[in-house]
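Overview (structure and organization)
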Amino acid sequence: MNHDPYQWGRPSDQTYGQYNHAIANAKNAPAEHDSFPKMNTQNPIITSTSVLGIKYKDGIVMAADNLGSYGSLLRFNNIERLIKVGKETVVGVSGDISDFQQLQRILDELETEQEVYDNFGDNNLRAPHVHEFLSRVLYNRRSKMNPLWNSVIVAGFNDDRSPFLKYIDMLGVTYGASTLATGFGSYLAVPLLRKVIPEDKDYVNVSEEEAKKVIMDSMRVLFYRDARSAETFTLVTLNSEGVKYDKQVQVSNQSWEFAKDITGYGSKQL
Amino acid sequence: MFRNNYDNDSVTYSPTGRLFQVEYALEAIKQGSAAVGVASKTHVVLVGLKRNAEELGSYQKKLIKIDNHMGVALAGLAPDARVLTNFLRKQAMNSKLVFNRPLSTSSAVLSIADKAQENTQSYGSRPYGVGLLVSGYDETGSHLYEFQPSGSVLEYYGASIGARSQAARTYLEKNLEKIRESASMEELIVHGLNALRDTLSQDVELTFKNTSVSVVGKDTNFTVYEDEDVQQWLDKLDSVTNSSNRNDEDEEEDAGAAAEAEGNDAGNQDTTEDRMETDE
Amino acid sequence: MTSIGTGYDLSNSVFSPDGRNFQVEYAMKAVENGGTSIGIKCKDGIVLAVEKIINSKLLVPGKNKRIQTIDRHIGVAYSGLLPDGRHLVSRGRDEAKSFKSIYKTSVSVPHLMDRLGIYVQNYTCYNSVRPFGVVAIIGGVDKKGPHLYMIEPSGAFWGYSGAATGKGRQTAKSELEKLNFDELTVREGVKVAAKIIHQAHEDNKDKDYELEITWCSLEETEGRHEFVPEDLLEEAIKYAQEEDEDDDEEDDDEDTEMAT
């Protein structure tokens, strides 16, 4: 594929007229391409796959692998995508890795401004605030036609100490649920997670062990089916005791027996 | 050489390190009518004494709402207060928009403190000429702050600003324990009004026309009581006149302007450092 | 002070015939009567402490914190015009933030001082501004270990092992000179700081004060600048008062309320 967007062409001037740069201030295209609008990120480069999150009665369990893919090449295997913000909030990021790193810096600055500068001890930065803030950041960027190419899950606690779990994507769309996943996980993992928590309110019936088990199962299914996923991942548990990181967790109980029966995808002729 | 050469602007220190323009701005607060704030563990009450410039004119506003959980009382230049409260309202809305949470009282006051400081360090702008009492109820409970044009901000259990406010402070200091232990918002309002009452000059008494009351606190949005609505609170007072006038032994209050100046001096002394003054 | 009234002291940025900048000197005067601030550089970190004069019993005890944080690993204590101090800190934070946004690493203490020095010096150069009315003691721990600096209204700053400013600076300095900075740990430094502030308060005895102490060390705070824990502060206050009785045999200390 030719990765230069300027080579992808644009509608012909005869049909649509010249590009109107005045619209949405889309002016600053480089001089040599002035028939084009200004263009920003068109595609992610180094990517990462699903983040999973599930509420249980005392908190939240999250998981994400440590892989950074360059196309189909598994390029980096040491990327920690579940990041702690403030004292009791974890933000899980999937999508473009450089944009994730930018988010990391933005969140570091947020933490500095809210907690380090606050010598009155009045600014308790918690998950709902981090979530609202991130949704503003992502929506602002997409409104500038320059999105941060990520899907994000924010986990933590509400003011009343109930678990908080909400999603934001690169368009600024947000929603909350007791079971959440980004990327491929939203197709493959969410149905598994919802078996444990059919309705949002039901998370109160789920124990930490059950939550961890379904996350482990989902990570295994994702590793089976998602070619951009990896075998080692990080598992985070948030509860009243704090935030616990289990790093270098392996996908367990694998059985590739089913693989021989897979047909299609060009792997095997019928 | 009697003229003070060091008081023309806020970018000149006197040989003793004082900033006269800033100190004069603090005097502007005392030109305004009094406002008193008191804080219990659950509520903060602000009360203000309103003036009307002429019989047919309306009374000047003393209390301004910032958000559901925050409001201020002012003494001094009301237009300056409008500028500052407008800024505070913007901060409050921004906090809701960006973080989905109410602005903390401390962030609010510090933001205007930093704004005020800028005006004391550069030529061409004057310091603000208004003092504010900022009341707020947030995650960390009830808070009462005093803001000054010098850019100083301090948290108090009870505070008063404006004309003859020293008298109110005396009441507050004497009744600090009771104020802190106030079980109900009614009790707290009565303490606030008692303190305000002590700032009255001899021929004036608290009426529903010249008194404003506000309260904010636990499960209580910032609420302002004006006009007829104030009467219910005045009814709870044992008297609506100044206690020192009732005892008719007030050598201080009678002397008018001279006494005022004396009161001011006392006021300056007990808060030396934070009022941007450094006495020898 | 012979040149007072000759007109050369009325505007910032003006030299007198003998080469002095009076407005900067006057700014120093604003500092000299403020509550005492000290900083101690220990072998494993730094300790900052201020004597917070309590001008009214209506003030909320333990609030109205004076020591501020510039970045996670850098703290500031200052004496003088407190709003000016907040301005300086706010600039320090901007500098630390801008450094991080460019270099993706936290600013070192000496480099931050360079930048703040330039900023403060600028306020001595123009008649449209006035110099800062504070002396700030800035300390922190970075990759090269603990650092302690003191910056003046002129923009000049020096590194110190023990620094003091404000009304009780002379007393504090003579006490600081007795310390062995190579051996002192921050945990001991906290107690020493409490004692020095207590002694320096003798110069300002007619007023009550509150003690505020922060520290920053790799061992104790993982390199973060923080207020010392409540129990350690209590312990330090007790230590300061005990010492006081032993040393001076003075028993008129009831008016010195050291609330936290």
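Analysis parameters
- Residues numbered from 1 in each chain as written.
- Chains lettered and ligands numbered in written order.
- Predicted model: local features only at pLDDT ≥ 70, side-chain atom pairs only at ≥ 80, totals over all residues.
- Heavy atoms only, no water.
- Helix = DSSP H or I, 4+ residues; strand = E, 2+ residues; numbered from the N terminus.
- Rg over C-alpha atoms; globule rule 2.2 N^0.38 Å.
- Buried < 20%, exposed > 50% of the residue type's maximum accessible area, 1.4 Å probe, protein only.
- Contact = heavy atoms within 4.5 Å.
- Pairing = 2+ DSSP bridges.
- Expected span 1.5 Å × (residues − 1).
- Axes fitted to C-alpha atoms, helices over the stretch in contact; angles between N-to-C directions.
- 1 Å grid on protein atoms, 1.4 Å probe; cavity = no way out; pocket = protein on both sides within 12 Å on 5 of 7 lines; lining within 4 Å.
- Points joined across faces, edges and corners; volume = space filled by probe spheres on them.
- Nonpolar A, V, L, I, M, F, W, Y, C, P; charged D, E, K, R; others polar.
- Polar contact = N/O pair within 3.5 Å; in protein donor to acceptor, adjacent residues only side chain to side chain.

So, on to the overall build of chain C. The helix and strand inventory of chain C stands at seven helices and ten strands. A compact globule built from 260 residues would reach a C-alpha radius of gyration of about 18 Å, and chain C, at 19 Å, matches this within 12%. Overall, chain C is about 50 × 50 × 35 Å in size when its C-alpha atoms are taken along their principal axes. Counting the 260 residues in chain C, one finds 58% classified as buried. Counting contacts in chain C only where the partners sit at least 6 residues apart, residues at least 24 apart contribute 66% of the total.

Successive residues of a regular strand alternate their side chains across the two faces of the sheet. Residues and elements named next belong to chain A. Note that strand S4 (residues 68-70) and strand S5 (residues 73-76) share three bridges and pair antiparallel. Bridge assignment links Ser69 to a residue of S5, and that residue is Leu74. Following S4, the chain reverses through two residues before pairing antiparallel with S5; Gly71 in that reversal takes a positive phi of roughly 65°.

In this section: helix H3 (residues 109-122) of chain C. Residues and elements named next belong to chain C. When the terminal C-alpha atoms of H3 are compared, their 20 Å separation across 14 residues agrees well with the 20 Å that a helix rising 1.5 Å per residue should span. For H3, every residue scored as buried is listed here: Val109, Leu112, Met113, Arg115, Leu116, Gly117, Tyr119 and Val120. Tucked into the core, H3 has its buried residues touching strand S3 (68-71), strand S4 (74-80), helix H2 (82-103), strand S5 (134-142), strand S6 (145-151) and strand S7 (157-159).

For the rest of this paragraph, the subject is the sheet that holds S7(C). Within a sheet, adjacent strands bond to each other through the backbone by hydrogen bonds, running parallel or antiparallel. All names here are of chain C. Spatial ordering of the open sheet is given by S3-S4-S5-S6-S7, a layout of five strands whose pairing is antiparallel. The strands lining the two open edges of the sheet, one partner per strand, are S3 and S7. The average angle at which neighbouring strand axes cross in this sheet is 25°, direction not considered. Bridge count for S6 against S7 is three bridges, and the pairing is antiparallel. In the strand pairing of S7, Met150 is matched with Trp158.

Residue and element names in this part refer to chain B. Read across the sheet, five strands follow the order S8-S1-S2-S9-S10 without closing on themselves; strand pairing throughout is antiparallel. The strands lining the two open edges of the sheet, one partner per strand, are strand S8 (158-161) and strand S10 (220-225). Across the sheet, the mean angle from the axis of one strand to that of its neighbour is 10°, orientation sign disregarded. As paired elements, strand S1 (residues 35-39) and strand S2 (residues 43-49) share five bridges and run antiparallel to each other. Its bridge partner lying in S2, Val36 is registered against Val47. Contacting S1 and S8, helix H4 (residues 165-174) runs over the sheet at an angle of about 170° to S8.

Our next topic: empty space enclosed by the protein. Empty space among the atoms becomes visible once a probe the size of a water molecule is rolled across them. Enumeration according to the criterion identifies four cavities of 30 Å³ or more in this entry. Reported here for the largest cavity is a volume of approximately 290 Å³. Contributing elements (two or more residues each) for the lining of the largest cavity: strand S7 (153-155) of chain B together with strand S2 (45-54) and H2 of chain C. The residue inventory of the lining of the largest cavity, partitioned by class, reads twelve nonpolar, three polar and eight charged.

On to the environment of Lys52(C). All names here are of chain C. Tracing the chain through its elements places Lys52 in strand S2. Classification of Lys52 by relative accessible area gives buried; the value is 7%. Each C-alpha atom, one on Lys52 and one on Gly19, is 36 Å from the other, the two residues being 33 residues apart in sequence. With residues near it in sequence (within four places) discarded, Lys52 still touches Lys63, Asn64, Lys65, Arg66, Asp208, Tyr209, Glu210 and Glu212. Separated by 3.3 Å, the side chain of Lys52 and the backbone oxygen of Asn64 make a polar contact.

Moving on, we come to the side chain of His143(B). Note that His143(B) resides in strand S6 (residues 141-147). Side chain to side chain, His143(B) and Glu155(B) meet in a polar contact 2.7 Å long. Beyond its immediate sequence surroundings of up to four residues, His143(B) is in contact with Asp122(A), Val44(B), Thr105(B), Val134(B), Ser135(B), Gly136(B), Asp138(B), Glu155(B) and Lys63(C).

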